[in-house]
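Close look at the chain arrangement
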Amino acid sequence: MAKRKSKFVCQSCGYESPKWMGKCPGCHQWNTLVEEIEATKSARGNWTKDSTAARKPEKLANIQLQDEPRMKTQMQELNRVLGGGIVPGSLVLIGGDPGIGKSTLLLQVSHQLALDKLDVLYISGEESARQTKLRADRLGIASDSLYVLSETNMLDIANQIDQLNPSFVVIDSIQTIFKEEVTSAPGSVSQVRECTSELLRIAKQKHLPIFIVGHVTKEGSIAGPRLLEHMVDAVLYFEGERHHTFRILRGVKNRFGSTNEMGIFEMKEEGLVEVLNPSEVFLEERSQGAAGSTIVASMEGTRPVLVEIQSLISPTSFGNPRRMATGIDHNRVPLLMAVLEKRVGLMLQNQDAYVKVAGGVKLDEPAIDLAVAISIASSFRDKSPQTDDVLIGEVGLTGEIRRVSRIEQRVQEAAKLGFKRAIIPAKNMDGWTAPKHIEIIGVQSVQEAIKVTLGD
Ligand SMILES: Nc1ncnc2c1ncn2[C@@H]1O[C@H](COP(=O)(O)OP(=O)(O)OP(=O)(O)O)[C@@H](O)[C@H]1O
Ligand SMILES: [Mg+2]
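The shown structure was predicted, so the numbers you read here are calculated from the model rather than taken from an experiment. (Residues numbered from 1 in each chain as written. Chains lettered and ligands numbered in written order. Predicted model: local features only at pLDDT ≥ 70, side-chain atom pairs only at ≥ 80, totals over all residues. Heavy atoms only, no water.)

1. Some words on the sheet that holds strand β7 (residues 168-172)
- On the basis of which strands lie adjacent, the open sheet formed by nine strands has the order β6-β5-β7-β8-β4-β9-β10-β11-β12 and mixed pairing. Each of the sheet's edge strands pairs with one partner strand only, and the pair in question is β6 (146-150) and β12 (271-274). The sheet shows a mean angle of 25° between the axes of neighbouring strands, taken without regard to direction.
- Examined bridge by bridge, strand β9 (residues 234-240) and strand β10 (residues 246-254) share seven bridges and lie antiparallel to one another. Considered in β10, the bridge of Y237 is made with R250.
- The strands touched by helix α6 (residues 189-206) within the sheet are β4 (91-96), β7 and β8 (210-215), with β8 carrying the most contacts at an inclination of about 165°. (Pairing = 2+ DSSP bridges. Helix = DSSP H or I, 4+ residues; strand = E, 2+ residues; numbered from the N terminus. Axes fitted to C-alpha atoms, helices over the stretch in contact; angles between N-to-C directions. Contact = heavy atoms within 4.5 Å.)

Laid out in structure tokens, this is it:
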């Protein structure tokens, strides 16, 4: 095979160069040159055509759909996040921090599919076949149709897939796979992109579902799965706290289902176990029924998260009252306290205030205002709000509750986690359908919200 040429192309202005440069001479930006393989005519032809006849436009109404059955794993949580199971021919990316349990999850899924007499190929570029066997032994996995391959060369991987013709393939991880034609190291942007497009081609041609593991770097840009998100059919994030055993699987993008779903697992000695009652898990950490504790549904990027906000209001002993905030903008606290004082009549000027977002999360969006305000009022009055309330809303300077974005997603997340009441801006009441089993209360002012949550 003739060696294919590569060139470096500026991702911002399109400048081409045979060598890598730190600064683009075209647009003078730094680090924008990325290696690209010059596609030959035949390579491009392969990509778009899988038959000799040229494709013709078809009428949408005439396109026949076969009812494609989805492959179901035994993990309901995973099936739900995928939109009802694995779609044949789909390319799915699973991202997550190191050691969170990506390999464990995919090995378990592979095992479950192998039990259904499907040939499964688990390709690990990070661990030897023996290491994978060690993990499998710990998880109690032994199956006749589960094949393990320790390989990093994309060409060999493609050949092996051709030979074995499996029904499900796992690539762990995309950052370790390389193509010989690309000179940059495995894990670099160009390698990751080239290998993924090759896998995409294999998945679509063979109608084979492929799951790819992607590492998330702190910066998130270079060689991270961010770049891949456009290429794949679904992106799932596997996340969890370092000191806790719970893991959450969220869909960030899904071409075959909703991204509002999340799956919760617990990491145990024998592997990941589904948690089918997430609200209880979530409530475990909460200071239930304590004054000053409220729950907000906040958006983290495109994802809603439910977080507890805690406040402690106590009389100032001397000097100026203190205003401390952890996890939220510290200017919001005095502002919301001023609103509470002026519009609701709470005498907060001689009180110290400590406001904290539990669990070390950082929130910076206006929709958390209401939860913070009610939390402060609750601690000041020493009256606890109902434990299954979730609060969403921005507070204006006149004490009005302002509209927030993505209300439906926030409320859905709250309903999913078992909350019974959502207190939301009155202006957000229309134009969407509320999930069942959750009461929606629209409020116009902080005063009204206090009345609803804390009583008179
Ligand atoms: N004996 C054990 N008992 C309980 N949990 C364990 C045990 N061994 C490993 N684990 C858990 O499994 C995690 C490692 O899982 P896994 O290797 O699947 O993660 P990963 O996301 O693939 O990591 P990497 O990014 O390194 O590939 C550990 O962080 C730990 O939480
Ligand atoms: Mg791993």
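Okay, back to it.
2. As for the pairing of strand β20 (residues 421-425)
- Burial within β20 is extensive, with five of its five residues counted as buried.
- Sheet analysis places strand β17 (residues 389-391) next to β20, joined by three bridges and oriented parallel. Directly across from D389, in β20, lies its bridge partner R421.
- Sheet topology places β20 next to strand β21 (residues 439-443); five bridges connect them, and they run parallel. By the bridge assignment, I424 is partnered in β21 with G442. (Buried < 20%, exposed > 50% of the residue type's maximum accessible area, 1.4 Å probe, protein only.)

3. Focus: helix α4 (residues 129-139)
- Taken together, the buried positions of α4 are occupied by T132, R135, A136 and L139. Projected down its long axis, α4 shows its buried positions confined to an angular sector of 100°, all on one face. Opposite the buried face of α4, at more than 90 degrees from it, the exposed residues are R130 and L134.
- Tucked inside the fold, the buried residues of α4 contact α3 (102-115), β5 (120-124), β6 and β12.
- At the C-terminal side of α4, G140 shows a positive phi close to 70°. (Arc of directions from axis to C-beta.)

4. A look at the site of ligand 1
- Near ligand 1 you find 15 residues, and of these G99, K102, S103, T104 and R135 are the closest.
- Here an oxygen atom of ligand 1 and a backbone polar atom of G99 are 2.7 Å apart.
- In isolation ligand 1 exposes 650 Å². Once the protein is present, 68% of that is buried.
- Those elements giving two or more residues to the shell around ligand 1 turn out to be α3, α4 and β11 (262-268).
- In terms of residue class, the shell around ligand 1 is made up of three nonpolar, five polar and seven charged. (Near = heavy atom within 4 Å. Polar contact = N/O pair within 3.5 Å; in protein donor to acceptor, adjacent residues only side chain to side chain. Areas by Shrake-Rupley, 256 points an atom, 1.4 Å probe, with all protein chains shown as cover. Nonpolar A, V, L, I, M, F, W, Y, C, P; charged D, E, K, R; others polar.)

5. Quick notes on the sheet that holds strand β3 (residues 33-37)
- Strand order in the open sheet formed by three strands is β2-β1-β3, with antiparallel pairing between adjacent strands. Where the open sheet ends on each side, the last strands, each with one partner, are β2 (16-17) and β3.
- As judged from the five bridges shared by strand β1 (residues 6-10) and β3, these two strands associate in the antiparallel manner. Across the sheet, the residue bridging to S6 is I37, located in β3.

6. Points about α3
- Between its first and last C-alpha, α3 extends 20 Å over 14 residues, near the 20 Å set by a 1.5 Å rise per residue.
- Of the residues one or two after α3, K117 is the one with positive phi, at around 65°. (Expected span 1.5 Å × (residues − 1).)

By themselves, these are just geometric observations and shouldn't be taken as functional.
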